[in-house]
Amino acid sequence: MKDTQLYQQLLGLTEEWEIFNVEIGFDKLEVNVFIETKDKKNGKCPECSKICSIYDVRDERNWRHLDTMQFKTILHCKIPRINCEEHGIKTVRTDWAEKHSRHTALFEKWAIQVLMGCNNRTQAKKLLGLSWDEVNTVQERAVKRGLCRRKDLNTMFLGVDEKSFLKGHKYVTVVYDIENSSVIDIAKDRKESSLDKILSKLSSSDKHEIKAVTVDMWKPFAASIAKNLPLAKIVHDKFHIEKHASIAVDTVRKQENKSLIQDGIDFLKQTKYIWLKNKENLNDKQEKLFQYLFAKNLKVGYAWSLKEFFKTFWSFENAKVAKIFLKIWTSEVLKSNLKPMIKFAEMINNNLHNILNYIEYNITNAVAEGINSKIQYIKYSARGFRNFDNYRTAILFYCGKLDMFPHTFQ
Ligand SMILES: [Zn+2]
């Protein structure tokens, strides 16, 4: 079999195309495959598929294809332009690549698979023999394709969160599809307009279907949800609320530690996690220390009890009962006279309605935890994120669950 016939079969070209030459460059470890149209007079219009006369041929272009053994394989072609009565002068569509791509569709598909499989862009880049620019382009095109194809989300529950970006000085807003455990999109900053940008793009059928959104008690986000999803309920996120409770307990500890140290007592020093960790996660040594300190009737022990008591809230199934519970809990907090705890209770009562929504919908951003660790890893492993767009692309590429493969003809 001749080289040209072999590649004709390997590439699976349609009848319109033929390979007229194959050059193997042993020095550069390259195979160069030269393709032309069989019919030199007529070609198909890319818009209407009508056979039209060829107008001219464009300059030669090349596309990186899947390697042949250890040989980098490059396709070359001077693509003809046809003159369609209806659509004018148009470049004929090729069998092997999407418009404007420097890689064949099969190579792009392979590159996407490698990038997804490696989870490490540096490793994937090496394996594919691409530059950073080329890796970014493959990912950008894949995400663009995926976003174009994604029509309706068909989800009832969204999650909204903020993440730090670029050494913690800037924020981005992330919107999750909780049912699908995927990222819908991310936007710059954490303003009302940031979330508007994402929510306003949802289809009207999605806007109708979304029943609840879980989010921190950050006012700009609540405002955007009320505006863009007037039918959806806001559910303040369990883990954010528990974080506020932990901060309150730790503030009590810090203040108490300070005043104890003035009296020469330092047993609260470096005990932060003893009070914040779940009891079942303490090791034997920590457990003993906890028992020892708790028996001393300290303010932080009191604050810890109030935080633990609050946790009962999450297990109620009836919102009315849960509301009564919060009343009782609040009066206990007020009795304690512990300012950071009272501040936390005020926050709960100021957002009571949306906190009680948890009892009905039972959603949290916890499903996003798996995604968060992925995002963390993307941030850590990618030194290429000097700008927001690359960061967004990478997150959607790895966490968007998008249909990103180009259409291949094989
Ligand atoms: Zn046409």
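So, here is what we can say about the structure in this document. Quantities reported herein were computed from a predicted structural model and do not represent experimental measurements.

What follows deals with the nonpolar core. The biggest cluster of nonpolar side chains holds 43 residues, and the ones touching the most others in it are Trp-275, Phe-313, Leu-326, Trp-329 and Met-341. Taken together, the elements giving at least two residues each to this core come down to α8 (238-262), α9 (272-276), α10 (284-294), α11 (299-310), α12 (319-336), α13 (339-350) and α14 (352-361). Split by domain, this core shows at least three residues from each of two domains, domain 2 (100-237 + 364-410) and domain 3 (238-361). Formed by 32 residues, the second largest nonpolar core is a distinct cluster that contains Ala-142, Val-183, Ala-368 and Ile-375.

All right, on to the coordination of the zinc ion then. Protein coordination at the zinc ion comes from Cys-45 (SG), Cys-48 (SG), Cys-84 (SG) and His-87 (ND1), with a distance range of 2.2 to 2.4 Å. Relative to the metal, the four donor atoms surrounding the zinc ion lie at angles of 104 to 115°, and the coordination shape comes out tetrahedral. Along the chain, the residues that donate to the zinc ion are spaced as C-x2-C-x35-C-x2-H. Highlighted residues: Cys-45 in the loop between β3 (42-44) and β4 (51-57) and Cys-84 in strand β7 (residues 80-84), separated in sequence by 39 residues. Using a relative accessible area of 2% as the deciding quantity, one classes Cys-45 as buried.

Bringing the state of the cysteines into the picture now. Under the defined criterion, the tally for this structure stands at zero disulfides. Between Cys-148, a cysteine without a disulfide, and Cys-399, which holds the nearest cysteine sulfur, the sulfur-to-sulfur distance is 20 Å. On the basis of relative accessible area, Cys-148 is assigned to the exposed category, the value being 57%. Note on Cys-399: no disulfide assigned, nearest cysteine sulfur contributed by Cys-118 at a separation of 16 Å. Owing to a relative accessible area of 3%, Cys-399 belongs among the buried residues under this scheme.

Criteria and cut-off values
Residues numbered from 1 in each chain as written. Predicted model: local features only at pLDDT ≥ 70, side-chain atom pairs only at ≥ 80, totals over all residues. Heavy atoms only, no water. Core = buried A, V, L, I, M, F, W, Y, C linked by side-chain atoms within 4.5 Å. Buried < 20%, exposed > 50% of the residue type's maximum accessible area, 1.4 Å probe, protein only. Helix = DSSP H or I, 4+ residues; strand = E, 2+ residues; numbered from the N terminus. Domains from an automatic or database assignment. Donors = N, O, S within 2.8 Å, 3.2 Å for Na, K, Ca; no water. Tetrahedral: all angles 85-135°; square planar, octahedral: opposite > 155°, others 65-115°. Disulfide = S-S within 2.5 Å.

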